[in-house]
Amino acid sequence: MTYPNGKQALQDVSLDLHTPNLIGLLGPNGAGKSTLIKLLAAAQIPTSGTIQLDGVSLTQTERLLKAQLGYLPQDFGLFDELTVFQFLDYMAALKGLSDPKTAIQEIIRVVNLEEKATSKMDTLSGGQRQRVGIAQALLGYPPFLILDEPTVGLDPEERIHFRNLFSRLAQNRLILLSTHIIEDIQSVCNQLVVIDHGRILFTGTPTQMIQAAAGHVGVFWERQSNQGHGLTITARVNTSQGIRCRAVADILPDYVQPDEPTLEDAYLYLISRGTNK
Ligand code: ADP
């Protein structure tokens, strides 16, 4: 995918996604996550290559896809004058839902916005707007859900609520969600796709990702200023005995004691390898 200004946002991307599944798309800011999500939601057409749904090109199945897809883009705006209910009613009409009122009432309850149903969109907090965004994506419970940073602006309790909701819904759906927050996907995603600089660095299960980092993660006590050179420091903790560091590297120096990788270590290892190439 190359944007009109010449920016190549994705290259050599090849992915096979199957239902049911909860897939986490991970990568730093600017990695290409939103671009990939827009392509999969047919909100944007790739400048080369193809995307197929059940073997048929997305350009031919676009209408069918739109009827089956719940999509939360990163920015949905311009609806400030509508109330939450009116906005969802509008989205329900676009989706052609047969009993919109019941569906809207149900989804407003699921996202815990009953008290805000008659409030105008421009009076909502960031987290409340985000919950309206999730609500419109879930309206009618479509079989495909593509959610771009769904947990942005949500407090920890709400994040856990939605994480569990997505996990439940993924039992018989394909959900793809992008995030740069590891905890959002750690306990719920069966498949991870890590991208950086427009390329896929990893695709597999969280366990496989952790295994790939084994032997590349360790801890050490910071004694000299030259320690840490060539390592990616993932944590630095001041303790009564000194500064304890956690680091990832292709080859760990002798003074680093190997440790079991966490998913966050594994992610940082992948990204650091990609950057150092
Ligand atoms: P992410 O969602 O991972 O933060 P994006 O997909 O938004 O990344 O962006 C990937 C790259 O493409 C970035 O370098 C970004 O600046 C660039 N980009 C995104 N949208 C456009 C656009 N409309 N025109 C030009 N460049 C873009």
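Sequence order sets the numbering: in each chain, residues are counted from 1 along the sequence as written. Thresholds applied to this predicted model are a pLDDT of at least 70 for local features of residues and 80 or more for the giving and counting of side-chain atom pairs; totals over whole chains, interfaces and linings are not thresholded and use all residues. Only hydrogens and water are set aside; all other atoms, that is, all heavy atoms of the structure, feed into the side-chain values.

K.L.:
Just give me the short version of the packing of aromatic side chains, but keep the residues and values in it.
P.N.:
Paired rings are identified among Phe, Tyr and Trp, the last through its six-membered ring, by centres lying within 6.5 Å, and are further divided according to the angle between planes into stacked (under 30 degrees), edge-to-face (over 60) and tilted (the rest). Using the criterion set out here, one finds four aromatic pairs in the structure. Ring plane angle 55° and centroid distance 4.8 Å describe the contact between F79 and F87, whose orientation is recorded as tilted. To sort residues, take the accessible area from a 1.4 Å probe on protein chains only and compare it with the maximum for the residue type: under 20% means buried, over 50% means exposed, and anything in between is partly exposed. F79 gets classed as partly exposed once you look at its relative accessible area, which sits at 22%. Arranged with centres 5.8 Å apart and planes meeting at 45°, the rings of F79 and Y90 form a pair that is tilted. Of this pair, F79 sits in the loop between β4 (69–72) and α3 (84–95) while Y90 sits in helix α3; the two residues are eleven residues apart in sequence, bridging distant segments of the chain. A run of DSSP states H or I qualifies as a helix once it reaches four residues; a run of E qualifies as a strand once it reaches two. Both are numbered from the N-terminal end.

K.L.:
Explain the site of the ligand residue by residue, including any values.
P.N.:
In the vicinity of the ligand, the residues found are Y3, N5, K7, A9, P28, N29, G30, A31, G32, K33, S34 and T35. For the purposes of these results, a polar contact is taken to be a pair of N or O atoms within 3.5 Å, where, inside protein, one atom must be able to donate a hydrogen and its partner to accept one; residues adjacent in sequence count only when each atom of the pair is a side-chain atom. Contact distances for the ligand include 3.1 Å between an oxygen atom and a backbone N or O atom of A31. G32 has a polar backbone atom sitting 2.9 Å from an oxygen atom of the ligand. Per-residue accessibility takes into account occlusion by the displayed protein chains alone, with areas from the Shrake-Rupley method and a 1.4 Å probe. Contact with the protein chains removes 67% of the 560 Å² of surface that the ligand exposes when unbound. Three classes are used, and their members are as follows: Ala, Val, Leu, Ile, Met, Phe, Trp, Tyr, Cys and Pro are nonpolar, Asp, Glu, Lys and Arg are charged, and the others, Gly among them, are polar. In terms of residue class, the shell around the ligand is made up of four nonpolar, six polar and two charged. We call a residue near a molecule or strand whenever a single non-hydrogen atom of that residue lies within 4 Å of it.

K.L.:
Break down the sheet that holds strand β5 (residues 144–148) for me, citing the residues and quoting the values.
P.N.:
In sheet architecture, strand pairing relies on hydrogen bonds along the backbone and comes in two forms, parallel and antiparallel. Taking strand neighbours across the sheet as the criterion, the six strands line up as β4-β5-β6-β1-β7-β8 in an open arrangement whose pairing is mixed. Both outer strands of the open sheet, β4 and β8 (199–204), are each paired with one neighbouring strand and no more. Going from strand to strand, the sheet's axes swing by 15° on average, the running direction of each strand aside. Those strands touched by helix α2 (residues 58–68) are β4 and β5, and its axis lies near 75° from that of β4. Contacts are assigned to residue pairs with any non-hydrogen atoms lying within 4.5 Å of each other. Working convention: axes come from line fits to C-alpha atoms, limited for helices to the stretch in contact. Angles between N-to-C directions cover 0 to 180 degrees. Contacting β1 (21–26), β5 and β6 (174–179), helix α6 (residues 156–169) runs over the sheet at an angle of about 150° to β6. By definition, two strands form a pair when at least two bridges between them are found by DSSP.

K.L.:
Lay out empty space enclosed by the protein with the relevant residues and their values.
P.N.:
Here the term cavity refers to a set of points on a 1 Å grid, laid over the protein atoms alone, in which a 1.4 Å probe fits but cannot get out; the term pocket refers to an open set having protein on both sides within 12 Å along at least five of seven lines, with lining residues being those that place an atom within 4 Å of a point. Grid points are joined across faces, edges and corners, and a volume is the space filled by probe spheres set on the points. On inspection of all chains with the given rule, the structure shows one cavity of 30 Å³ or more. In this structure, the largest cavity encloses a volume near 40 Å³. What lines the largest cavity is P150, T151, R159, R163, F166, L177 and D184. Ranked by residue count, the leading element in the lining of the largest cavity is α6, at three residues.

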